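# Coordinates in review
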Amino acid sequence: MSVFDKAKAKAEELLGRAEQVYGESHGDAAATMDGEARRLEGEADEARAEAEERARRNGDDGLAGAR
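Definitions and cut-offs
Residues numbered from 1 in each chain as written. Predicted model: local features only at pLDDT ≥ 70, side-chain atom pairs only at ≥ 80, totals over all residues. Heavy atoms only, no water. Helix = DSSP H or I, 4+ residues; strand = E, 2+ residues; numbered from the N terminus. Buried < 20%, exposed > 50% of the residue type's maximum accessible area, 1.4 Å probe, protein only. Contact = heavy atoms within 4.5 Å. Areas by Shrake-Rupley, 256 points an atom, 1.4 Å probe, with all protein chains shown as cover. Expected span 1.5 Å × (residues − 1). Polar contact = N/O pair within 3.5 Å; in protein donor to acceptor, adjacent residues only side chain to side chain.

## Overview of the overall build of the protein chain
Of the regular secondary structure elements, the protein chain holds two helices and zero strands. For the protein chain, with 67 residues in total, the buried portion stands at 19%. Look at the contacts in the protein chain between residues 6 or more apart in sequence, and 45% of them connect residues 24 or more apart. Counting every atom, the protein chain has about 4900 Å² of accessible surface; 55% of that belongs to carbon and sulfur.

## Digging into helix α2 (residues 29–58)
The first and last C-alpha atoms of α2 sit 43 Å apart over 30 residues, in line with the 44 Å expected at 1.5 Å per residue. Taken together, the buried positions of α2 are Ala31, Thr32, Gly35, Arg39, Gly42, Asp45, Glu46 and Ala49. In this structure, the buried side of α2 is in contact with α1 (3–26). Its side-chain oxygen placed 3.2 Å from the backbone nitrogen of Ala30, Asp28 serves as the N-cap of α2. Directly after α2, the chain includes Gly59, whose backbone phi takes a positive value near 70°.

This is the structure:
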């Protein structure tokens with residue numbers, strides 16, 4: 001995952017959190033749910049990027065026991 005993709009995932013997470021907080025503070029259930037979904041998607045994208053980076057650093061090609 002490129003630096004741009006990592007930044008995009010972080011931005012999605014932060015925007016989602018902001019929307020979630022807005023929804024919670026204004027009693028807007030739809031905004032709360034949309035924000036939480038967006039935040040979780042951003043967190044998942046970040047976690048996937050970190051896992052890919054770790055695998056690349058460790059030389060893991062995803063084939064367990066193939067050596």
